Amino acid sequence: MSAGKFLLLVLIVLALPAIAQKGKSKSQLQKEKQQNLEKIKETERILNETSQQKKNSLGELSALNQRITQQEDLITSIKGEIGLLDRDINEDNDMIDALEKDVDDLKKEYARMVFSAQKANNKIDQLTFIFSSKSFDQLAMRLKYMQQYGKTRHAQAEAIERTERILTGQIHQTETVKKAKNMLLGDQVKENHNLATLKTKQKDVVKSLQKEERRLHDDIEDTKKAVADLDRMIEDIIREEIARAEREAREAKAKSAAEAAKFAKAAESTVALSASFEENRHKFAWPTSGFVSSKFGLQAHPTLKGVKIDNKGINIQTPQHEKVKVIFDGEVKMVGAMGVIGNYVMITHGGYYSVYAGLKEVYVKRGDKVDANQDLGQLMVNGDGVSELRFQIYKIGKEPTPLDPQQWLRN
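(A) Summary view of the packing of aromatic side chains. Considering all chains together, one arrives at eight aromatic pairs under this definition. Ring plane angle 40° and centroid distance 4.8 Å describe the contact between F277 and F284, whose orientation is recorded as tilted. The pair formed by F277 and F284 is uniform in burial state, with each residue classed as buried. Ring geometry for F277 and Y352: centres 4.7 Å apart, planes at 20°, overall stacked. Here the residue F277 occupies a position in helix 7 (residues 257-279), and Y352 occupies one in strand 8 (residues 352-362), the gap between them amounting to 75 residues. Residue F277 is classed as buried on the basis of its relative accessible area, which comes to 0%. Site record: aromatic cluster; members linked through ring pairs are F277, F284, F328, Y352 and W408. The residue whose ring lies beneath R281 is W408, and the NZ or CZ to ring-centre distance is 4.7 Å.

(B) View of helix 2 (residues 26-53). Its 28 residues place the ends of helix 2 41 Å apart at the C-alpha level, agreeing with the 40 Å of an ideal helix rising 1.5 Å per residue. For helix 2, every residue scored as buried is listed here: L29, K33, N36, I40, T43, I46, L47, E49, T50 and S51.

(C) How the structure looks around the pattern of salt bridges. Following the criterion strictly, the structure yields 18 salt bridges and no others. Taking the shortest distance from any N to any O, the salt bridge between E212 and R215 comes out at 2.6 Å. Here E212 falls in the partly exposed class, since its relative accessible area comes to 24%. Residue R215 is classed as partly exposed on the basis of its relative accessible area of 25%. The partner of D375 in a salt bridge is K325, with the nearest N and O atoms 2.8 Å apart. Of the two residues, D375 is situated in strand 10 (residues 375-379) and K325 in strand 5 (residues 323-325); the sequence distance between them amounts to 50 residues. Under the relative-accessibility criterion, D375 is labelled partly exposed at 25%. Connected through shared salt-bridge partners, E235, D236, R239, K312 and E399 make up one network.

(D) Layout of the nonpolar core. Ranked by internal contacts, the top residues of the largest apolar core, which has 25 residues, are F277, I327, I347, Y356, L376 and F391. Only strand 4 (314-318), strand 7 (343-348), strand 8, strand 10 and strand 11 (387-395) provide two or more residues apiece to this core. Membership of the second largest hydrophobic core comes to 17 residues, among which are V227, M233, M334 and M338.

(E) Representation of the side chain of Q188 in the model. Here Q188 lies in helix 5 (residues 136-210). Discounting residues that sit within four places of it in the chain, Q188 has contacts with I78, K79 and I82.

(F) Seen up close, the confidence of the model for the protein. The predicted model of the protein averages 80 in pLDDT, with 77% of residues at 70 or higher. For the protein, per-element mean pLDDT is lowest for helix 1 (residues 3-19), which scores 44, and highest for strand 5, which scores 97. Here residues 1-22 is a poorly scored stretch, pLDDT under 50, and it has 30 contacts once near neighbours within four places are set aside; other chains count.

(G) Structural detail: the pairing of strand 7. Buried residues dominate strand 7, accounting for five of its six residues. In this structure, strand 6 (residues 330-337) lies alongside strand 7, joined through six bridges in antiparallel fashion. The partner of V335 across the bridge, within strand 7, is V345. Hairpin connection between strand 6 and strand 7: a loop of five residues separates the two successive antiparallel strands, and G339 in this loop has a positive phi of roughly 55°. In the sheet, strand 7 pairs with strand 8 via six bridges, with the strands oriented antiparallel. Looking at strand 8, one finds that T348 is bridged to Y353. In sequence, strand 7 turns back onto strand 8 through a hairpin of three residues, with G350 there showing a positive phi of about 75°.

(H) Fine view of the environment of Q170. Position of Q170 relative to the elements: it lies in helix 5. According to the relative accessible area criterion, Q170 is buried, its value standing at 3%. A sequence separation of 77 residues divides Q170 from N93, and the C-alpha atoms of the two residues are 8.6 Å apart.

(I) Region of the structure containing the side chain of N311. The residue N311 is located in strand 3 (residues 308-311) in this model. In terms of polar contacts, N311 uses its side chain to reach the backbone amide nitrogen of G313, at 3.0 Å. Not counting residues within four places of it along the chain, the set of residues in contact with N311 comprises S294, K295, F296 and G297.

(J) Up close: the environment of V227. Residue position: V227 is located in helix 6 (residues 213-254). What makes V227 buried here is its relative accessible area of 18%. Distance from V227 to N311, taken between C-alpha atoms, is 8.9 Å for residues 84 residues apart in sequence.

Conventions and cut-offs
- Residues numbered from 1 in each chain as written.
- Predicted model: local features only at pLDDT ≥ 70, side-chain atom pairs only at ≥ 80, totals over all residues.
- Heavy atoms only, no water.
- Phe/Tyr/Trp six-rings, centres within 6.5 Å; stacked < 30°, edge-to-face > 60°.
- Buried < 20%, exposed > 50% of the residue type's maximum accessible area, 1.4 Å probe, protein only.
- Helix = DSSP H or I, 4+ residues; strand = E, 2+ residues; numbered from the N terminus.
- Lys NZ or Arg CZ within 6 Å of the ring centre and 35° of its normal.
- Expected span 1.5 Å × (residues − 1).
- Salt bridge = Lys/Arg side-chain N within 4 Å of Asp/Glu carboxyl O.
- Core = buried A, V, L, I, M, F, W, Y, C linked by side-chain atoms within 4.5 Å.
- Contact = heavy atoms within 4.5 Å.
- pLDDT = per-residue confidence, 0-100.
- Pairing = 2+ DSSP bridges.
- Polar contact = N/O pair within 3.5 Å; in protein donor to acceptor, adjacent residues only side chain to side chain.

As structure tokens, this is what we get:
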């Protein structure tokens, strides 16, 4: 093997870790797995709190559904890691095969050189070879050849040793990767078993809830009424705000230049706040921990066939008594209570509003200036042991427009 070929082989070995980074790397997959495990831990807490207070409730079913989704994500991450390790093992085996062939070729080449050297080892033969030169130049060339031949044999022996060391390291690395894969396969079997257990429990809860159809219908109607009242009140407040802004704009034209300038400055401030709110789309911190138990828009009821719920925001199910934070700077426009869904806080952010309902305690009052991430209150716990925030975002236009909060919150 030439020095250039051997160097190329070493560079390929060193480049293997970089080649393995294509697609999702091992560190990315492990990070995903760790994030899934953290989410699972939080959802398990919510599930345990809910089931302790009341077995077979909608809150428990919601937490189970989320837990199953997280379990499936965890298994997907593990499968991804196994796939990456399989690829590494295949590449390592190819490299081992290539190294073994190179070692074999190097040894054969070295054996031929040793054999040739033994034949020419007789000092008389070497002297005859050198002094039979026809010229001084030929004599010098033959001396140089004999020296280089010795160096080549020495270099060949070193090449064999280096290649064997790389081969030994590669074999050790492959064994380590195989052990890691076997551990992950064990994790996968365990997590698949956990998933099957969760799905069995999910079916039991659904069956139990289906037997309570009358009570669920009554609960839905009570909640629907309270939510409709809240939505109507929010939209009325926003319409009043739109009408007031239009009225003030008309009045400003009829007032003095100083009053008009004052109004223009206030309007400019509102526009700037609205623009700042828009710039933070996809960047807002979540108002509380937990998971989305009901998404934006028309949603099918989890157990009652044919029943749909129109959600103008999202519901976030949390650990019990969790705190709620405002997502952006603004001013408290309204604080109140709304039947079974508890207390609510409405915040204005220029041309946008955010609404937080389901609170047991409220820490702010109407007219307060609030900063992003400031605590607004603490969530209540309903009769099923569920803490759940109803969170909405509205935009002011000709009419108040409800927006999907998940499109504004960070992933």
